[in-house]
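# Commentary on secondary and tertiary structure
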Amino acid sequence: MVDGGRKVLANLIHSQVDVHERFGGVVPELAARDHLERLPHLLDAALQKAGAQPGDLDLVAVTRGPGLIGCLLVGVGVAEGLAAAWSKPLTGVNHLWGHIYAAMLSRPDLEPPLLGLVVSGAHSDLVRMPEHGRFEVLGRTRDDAAGEAFDKAARMLGLGFPGGPALDRLARQGDPDRQPLPRSSLPGLEYSFSGVKTALLYRLRDLGETVSERDRADLAAAFERSVVESLVEKLDQALEDSPYGEVVVAGGVAANTLLRKRAAEVVAGRATLTMPPIELCTDNAAMIAAAGFYAARHGADADPSLGWD
Ligand code: KG4
Ligand code: ZN
């Protein structure tokens, strides 16, 4: 629950880690069912936390995509029901807009135009946001998203689910120079992370049973460096291509320790960098509420020409 698109009143998260952990990844059907079970309770708790009644609300915002279709259907169904029961307008929000708007929750004076890097489990997108409600994709990944690559690498390294944070922790103990991994170098503002993933697979296969704890930490650090250096290289290039006063790096992978450090170094002295606090980087309701506030105001929620999915 958010006030004026900028202030978080309540932001409750129900983690599904225990539902998916034993499968080593998200099981879409279980995710959707858990959404259905949890949403009503979370809504009650959020209203209570914010000290609000349904009558106090101006608008109901819901993620309309991109995302897992079953979860989206549950969310949209519940939101439609609430909007009808409470006689409130309903706004559908692009999930990726939400990640950018998370930065506005952490810096209430932040305004477009801005350059955004949204890095999540399914996206690695560089975008230009000229004004509220307008986004233009400048570049993206040709294959895996950064978060997906981290999750798969973590799985290869025998780390638990979710993989990204576990790989981040292990990489802190490793030396990226001891067993360096290759980094993709595509022209323009495109990313590719499948090559480094395959390189890690082969390296682990070569090491076989002899793989030590130190090897695993070093490989985690090398993998993380390869992905992060690609991400910041294109960020650097986008800043070279045209000047921006504001840069936002957001999405689940923006929680990564090395990315936070390297993005700050690359942007320093050229623009103001905003990265949401960790709890607003990974998917959350507050970012959707914030984006919904601006989408409703600018009438952009129904724009089919968005092209950001
Ligand atoms: O935005 P998000 O919460 O969900 C999607 O929209 O996909 O991003 C989740 C992704 C996962 O792939 C997760 O492993 C990754 O973000 N992630 C991280 C870290 N924390 C979350 N990746 C690397 N380092 C982290 N600290
Ligand atoms: Zn996300």
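Residues numbered from 1 in each chain as written. Chains lettered and ligands numbered in written order. Predicted model: local features only at pLDDT ≥ 70, side-chain atom pairs only at ≥ 80, totals over all residues. Heavy atoms only, no water.

### Focus: the overall build of the protein
Note the cut-off: Strands are runs of DSSP state E lasting at least two residues, helices are runs of H or I lasting at least four, and both sets are numbered from the N terminus onward. Buried means the residue's accessible area, taken with a 1.4 Å probe over protein chains only, is under 20% of the maximum for its type, while exposed means over 50%, and partly exposed covers the values in between. Whether two residues touch is decided by their heavy atoms; if any such pair falls within 4.5 Å, the residues are in contact. Accessible surface area values rest on a Shrake-Rupley calculation with a 1.4 Å probe, where residue burial reflects the displayed protein chains alone. Just so you know, the count uses Lys and Arg for positive and Asp and Glu for negative, and it drops His and the chain ends. Just so you know, the charge point we use is NZ for Lys, CZ for Arg, CG for Asp and CD for Glu.
In terms of helices and strands, the protein carries 11 helices and 9 strands. C-alpha extents for the protein along the principal axes are approximately 65 × 45 × 30 Å. Burial status across the protein gives 49% buried among its 309 residues. Partitioning the intrachain contacts of the protein with sequence separation of at least 6 by distance along the chain shows that 74% fall at a separation of at least 24. In the structure as shown, the protein presents an accessible area of about 14100 Å², 53% of it carried by carbon and sulfur atoms. Charged side chains in the protein number 31 positive and 41 negative. The centres of these two groups are separated by 3 Å.

### Section: the environment of Arg-142
Let me state the cut-off plainly: The definition of a polar contact used here is a pair of N or O atoms within 3.5 Å, where within protein one atom must be able to donate a hydrogen and the other to accept one, and adjacent residues in sequence count solely through side-chain atom pairs.
Relative to the elements of secondary structure, Arg-142 occurs in the loop between strand 7 (134-139) and helix 5 (146-156). A C-alpha to C-alpha distance of 8.2 Å links Arg-142 and Phe-193, two positions 51 residues apart in sequence. A polar contact of 3.0 Å, which involves the side chain of Arg-142, links it to the side chain of Glu-190.

### Looking at the side chain of Thr-141
The topology assignment puts Thr-141 in the loop between strand 7 and helix 5. Taking relative accessible area as the criterion, Thr-141 reaches 15% and is therefore assigned buried. Beyond its immediate chain neighbours, meaning those up to four positions away, Thr-141 contacts Ser-124, Tyr-191, Ser-192 and Phe-193.

### Observations regarding the site of ligand 1
Selection rule: Residues are counted as near a molecule or strand when any one of their heavy atoms sits within 4 Å of it. Side-chain classes are defined by residue name, with Ala, Val, Leu, Ile, Met, Phe, Trp, Tyr, Cys and Pro counting as nonpolar, Asp, Glu, Lys and Arg as charged, and the others, Gly among them, as polar. Just so you know, the domain bounds were taken from an automatic or database domain assignment.
If you check the shell around ligand 1, you find 17 residues, and the closest are His-95, Gly-121, Asp-151, Asp-168 and Asp-283. Note that an oxygen atom of ligand 1 is positioned 3.0 Å from one of the side-chain N or O atoms of His-99. One of the backbone N or O atoms of Asp-283 is found 2.9 Å from an oxygen atom in ligand 1. Burial of ligand 1 by the protein amounts to 86% of the accessible area it has alone, namely 550 Å². Counting only elements with at least two residues in the shell around ligand 1, the list comes to helix 4 (95-106), helix 5 and helix 6 (163-171). Looking at the shell around ligand 1, its residues break down into 5 nonpolar, 9 polar and 3 charged. A domain-level breakdown of the shell around ligand 1 finds at least three residues from each of domain 1 (2-102 + 283-297) and domain 2 (112-279).

### Observations concerning the domain arrangement of the protein
What counts is decided by this rule: Buried area counts how much accessible surface, traced with a 1.4 Å probe, disappears from two parts once they are put together, with both parts' losses summed.
Domains assigned within the protein are domain 1 (2-102 + 283-297) and domain 2 (112-279). Between domain 1 and domain 2, the C-alpha centre-to-centre distance is 26 Å. With 18 residues of domain 1 at the contact, the number on the domain 2 side is 20 residues. For the domain 1 and domain 2 pair, buried surface summed over both sides reaches about 1500 Å², with 73% attributable to carbon and sulfur atoms. The largest per-residue losses of area from domain 1 upon contact with domain 2 belong to Leu-96, His-99 and Ile-100, which jointly make up 39% of the total buried on that side.

### With respect to the nonpolar core
Quick note on the threshold: Only buried residues count toward a nonpolar core, which is a set of Ala, Val, Leu, Ile, Met, Phe, Trp, Tyr and Cys residues joined through side-chain atoms within 4.5 Å.
Leu-167, Phe-223, Leu-231, Leu-235 and Val-249 are the most contacted members of the largest nonpolar core, which totals 51 residues. Of all the elements in the fold, those that place two or more residues in this core are strand 5 (114-119), helix 5, helix 6, helix 7 (194-207), helix 8 (213-241), strand 8 (246-250) and helix 9 (257-267). Of the residues forming this core, the biggest block, 13 residues, is contributed by helix 8. Apart from residues no more than four positions distant in its own chain, Leu-167 is found in contact with Phe-150, Ala-153, Ala-154, Leu-157, Leu-159, Ala-220, Phe-223 and Glu-224. Leu-110, Ala-286, Ala-290 and Tyr-294 belong to the second-largest nonpolar core, a separate cluster that totals 26 residues.

### Let's talk about the sheet that holds strand 8
In a beta sheet, neighbouring strands are held together by backbone hydrogen bonds and run either parallel or antiparallel to one another. Our working rule: Pairing between strands is defined by DSSP: at least two bridges between the two strands are required. Comment: axis = line fitted to C-alpha atoms, over the contacting stretch for helices; angle = value between 0 and 180 degrees taken between N-to-C directions.
One open sheet holds the 5 strands; their spatial order is 7-6-5-8-9, and the pairing between them is mixed. Sheet topology places strand 7 and strand 9 (272-274) at the edges, where each strand pairs with a single neighbour. For this sheet, the mean inter-axis angle between neighbouring strands, taken without regard to orientation, is 25°. Note that strand 6 (residues 124-131) and strand 7 share 4 bridges and pair antiparallel. Residue Val-127 lies in a different strand from strand 7, and its bridge partner there is Val-137.

### A look at the coordination of the zinc ion (ligand 2)
Quick note on the threshold: Here the coordinating atoms are restricted to nitrogen, oxygen and sulfur within 2.8 Å of the metal centre, or 3.2 Å for Na, K and Ca, and because water is not among them the sites may look incomplete.
At this site the zinc ion (ligand 2) is bound by His-95 (NE2), His-99 (NE2) and Asp-283 (OD), with donor distances of 2.0 to 2.1 Å. Taken in sequence order, the residues that donate to the zinc ion (ligand 2) follow the motif H-x3-H-x183-D. Of the two residues, His-99 is situated in helix 4 and Asp-283 in the loop between helix 10 (278-281) and helix 11 (285-298); the sequence distance between them amounts to 184 residues. Relative accessible area serves as the criterion here: at 48%, Asp-283 is assigned to the partly exposed category.

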